[in-house]
Amino acid sequence: MAVSRSALTKWEKVRAFALGLPDAVEDFPWGESVAKVNKKVFVFLGVDDGSHPLGITVKLKDEEAHAHALTCPGAEPAGYGLGRSGWVRIPLEEKGAPDAELLCDWVEESYRAIAPKRLAAELDAR
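In this report, the structure presented in the accompanying data block is examined. (Residues numbered from 1 in each chain as written. Predicted model: local features only at pLDDT ≥ 70, side-chain atom pairs only at ≥ 80, totals over all residues. Heavy atoms only, no water.)

**What to know about the nonpolar core**
Phase 1: F42, V43, I56, I90, W106 and V107 are the most contacted members of the largest nonpolar core, which totals 37 residues.
Phase 2: The set of elements that each furnish at least two residues to this core consists of α1 (5-19), β2 (33-37), β3 (40-46), β4 (55-59), α2 (63-70), β6 (87-91), α3 (100-114) and α4 (117-125).
Phase 3: With 6 residues, α3 is the largest single contributor of residues to this core.
Phase 4: When neighbours within four sequence positions are excluded, I90 is seen to be in contact with G55, I56, V58, A69, C72, A75, P98, L103 and W106. (Core = buried A, V, L, I, M, F, W, Y, C linked by side-chain atoms within 4.5 Å. Buried < 20%, exposed > 50% of the residue type's maximum accessible area, 1.4 Å probe, protein only. Helix = DSSP H or I, 4+ residues; strand = E, 2+ residues; numbered from the N terminus. Contact = heavy atoms within 4.5 Å.)

See the structure below:
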């Protein structure tokens, strides 16, 4: 499956944004990219090798953001019971997929839901 250039560009922007957050690190559990803070995942980035459709999975506690994310083409509550905790999988290759800016907002919200308060405060100070 060929990865669309625009979806890959979006994915790369989101990944760079996520890894630029305070104390964020990239890890590869299960062979896919995730961004973690304080040893906890705040965004699942999947793989960019074309073996699976490009997408991200974020935790959205804000009801409005959560509902908005679920209206994106192909978006769905995350698997493995994560959907019940507010995790949403958002495909990047669907027609009408959200732009990188909105995705980064959601990544930041997910980060704030997972990160220790002092790191969220550091983000506010930027």
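**Section: the packing of α3 against α4**
Phase 1: At a minimum axis separation of 8 Å, α3 and α4 run at an interaxial angle of 140 degrees. In the packing of α3 onto α4, the handedness of the crossing is left-handed. Residue-level contacts link E108, Y111 and R112 of α3 to L119, A120, L123 and D124 of α4.
Phase 2: Broken down by class, the residue content of the contact of α3 with α4 amounts to 4 nonpolar, no polar and 3 charged. (Axes fitted to C-alpha atoms, helices over the stretch in contact; angles between N-to-C directions. Left-handed = near helix turned anticlockwise from the far one by under 90°. Nonpolar A, V, L, I, M, F, W, Y, C, P; charged D, E, K, R; others polar.)

**Considerations on the pattern of salt bridges**
Phase 1: Applying the stated criterion across every chain yields a total of 4 salt bridges.
Phase 2: Notably, a salt bridge pairs K36 with D27, separated by 2.8 Å at the nearest N-O pair.
Phase 3: Judged by its relative accessible area of 17%, K36 is buried.
Phase 4: Look at the salt bridges and you will find they share partners, linking E108, R112 and D124 into a network. (Salt bridge = Lys/Arg side-chain N within 4 Å of Asp/Glu carboxyl O.)

**What to know about the environment of G31**
Phase 1: Looking at the element boundaries, G31 is found in the loop between β1 (25-27) and β2.
Phase 2: Taking the relative accessible area as the measure of exposure, G31 reaches 54% and is therefore exposed.

**Re the pairing of β3**
Phase 1: Within β3, 6 of the 7 residues are buried, leaving the element largely enclosed by the surrounding structure.
Phase 2: Across 5 bridges, β2 lies against β3 in antiparallel orientation. By the bridge assignment, A35 is partnered in β3 with V43.
Phase 3: Turn length for the β2-β3 hairpin, with the two strands adjacent in sequence and antiparallel, is 2 residues, and the turn residue N38 shows positive phi of about 55 degrees.
Phase 4: The pairing of β3 with β4 spans 2 bridges and is classified as antiparallel. From the neighbouring strand, V43 faces β4, where its bridge partner is V58. (Pairing = 2+ DSSP bridges.)

**Looking at the packing of α2 against α3**
Phase 1: At a minimum axis separation of 12 Å, α2 and α3 run at an interaxial angle of 135 degrees. Our classification of the angle between α2 and α3 gives oblique. Handedness of the α2/α3 crossing: left-handed. Contacts from A65, H68 and A69 of α2 reach α3 at L102, W106 and E109.
Phase 2: Its residues assigned to classes, the contact of α2 with α3 shows 4 nonpolar, 1 polar and 1 charged. (Parallel < 35°, antiparallel > 145°, perpendicular 65-115°, else oblique.)

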